Amino acid sequence: MPTGSFQTAAEFGITFLLGIISAGIGSFFAVRSGLRQFYSEKRWERRAQAYDAIVEALTDLLEYCEVEQARCLSSADEPESDKKVDILWRQAIRRVKKAYYAGNYYVREDASQVIKTLIERPDPDWEKDLWSAYNENYKAYRDALDAIILIAKSDLHTE
């Protein structure tokens, strides 16, 4: 009888060890899978933030062009308002550039290319006609915004 109880104890020990080993392996893969999902979600959030920053800056630039076009059509001259609008325009341009440089890590290559094309495009002829120059900028900003929105929807799978 002692031999039979030893075998039962040995079988129990082996079964117990196999249970512990399989639980450990299962836990390892569960944690690994959870971490992958966590980091994937974090990357998605960062991409979404990068696209949000670009869209917000481009929207501000569109608003700037609208204000300036309206000002060109009216005869009102408000120097204090002009300074505020110019500051907002400079900040929006800076945010577009910052989003381009920082966002290269998070946004798709084609989105970066849209912003790069916008940044590197030649300035309109400001000496000729201010309204036309603002209109040219408005169209460039609108085209870039439309392209970025389409790319972001595709990249973030929000369609």
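Predicted model, so just to flag it, every value in this text is computed and none were measured.

Visitor: Residues and numbers for the nonpolar core, please.
Guide: If you look at the biggest cluster of nonpolar residues, it comprises 29 residues, and the most contacted ones within it are Tyr51, Ile54, Leu58, Ile115 and Ile148. For this core, the secondary-structure elements that each account for two or more residues are α1 (2-73), α2 (79-103), α3 (109-120) and α4 (130-156). Top element by residues in this core is α1. It accounts for 10 residues. For isoleucine 148, the contacting residues outside a window of four places in its chain are Tyr51, Ile54, Val55, Leu58, Ala111, Val114 and Ile115.

Visitor: Describe the packing of aromatic side chains, with residues and values.
Guide: Each aromatic ring pair is specified by the distance between its two centres and by the angle formed by the two planes. Enumeration over the complete set of coordinates arrives at four aromatic pairs. Within the aromatic cluster, the residues linked to one another by ring pairs are Tyr64, Trp89 and Tyr134. A cation over a ring is seen here: arginine 121 above tyrosine 141, with NZ or CZ 5.8 Å from the ring centre.

Visitor: Lay out α4 with the relevant residues and their values.
Guide: Here α4 is 27 residues long and its end C-alpha atoms lie 38 Å apart, about the 39 Å a rise of 1.5 Å per residue gives. Looking one or two places after α4, you find histidine 157, whose phi comes out positive at around 55 degrees.

So, how was this worked out
- Residues numbered from 1 in each chain as written.
- Predicted model: local features only at pLDDT ≥ 70, side-chain atom pairs only at ≥ 80, totals over all residues.
- Heavy atoms only, no water.
- Core = buried A, V, L, I, M, F, W, Y, C linked by side-chain atoms within 4.5 Å.
- Buried < 20%, exposed > 50% of the residue type's maximum accessible area, 1.4 Å probe, protein only.
- Helix = DSSP H or I, 4+ residues; strand = E, 2+ residues; numbered from the N terminus.
- Contact = heavy atoms within 4.5 Å.
- Phe/Tyr/Trp six-rings, centres within 6.5 Å; stacked < 30°, edge-to-face > 60°.
- Lys NZ or Arg CZ within 6 Å of the ring centre and 35° of its normal.
- Expected span 1.5 Å × (residues − 1).

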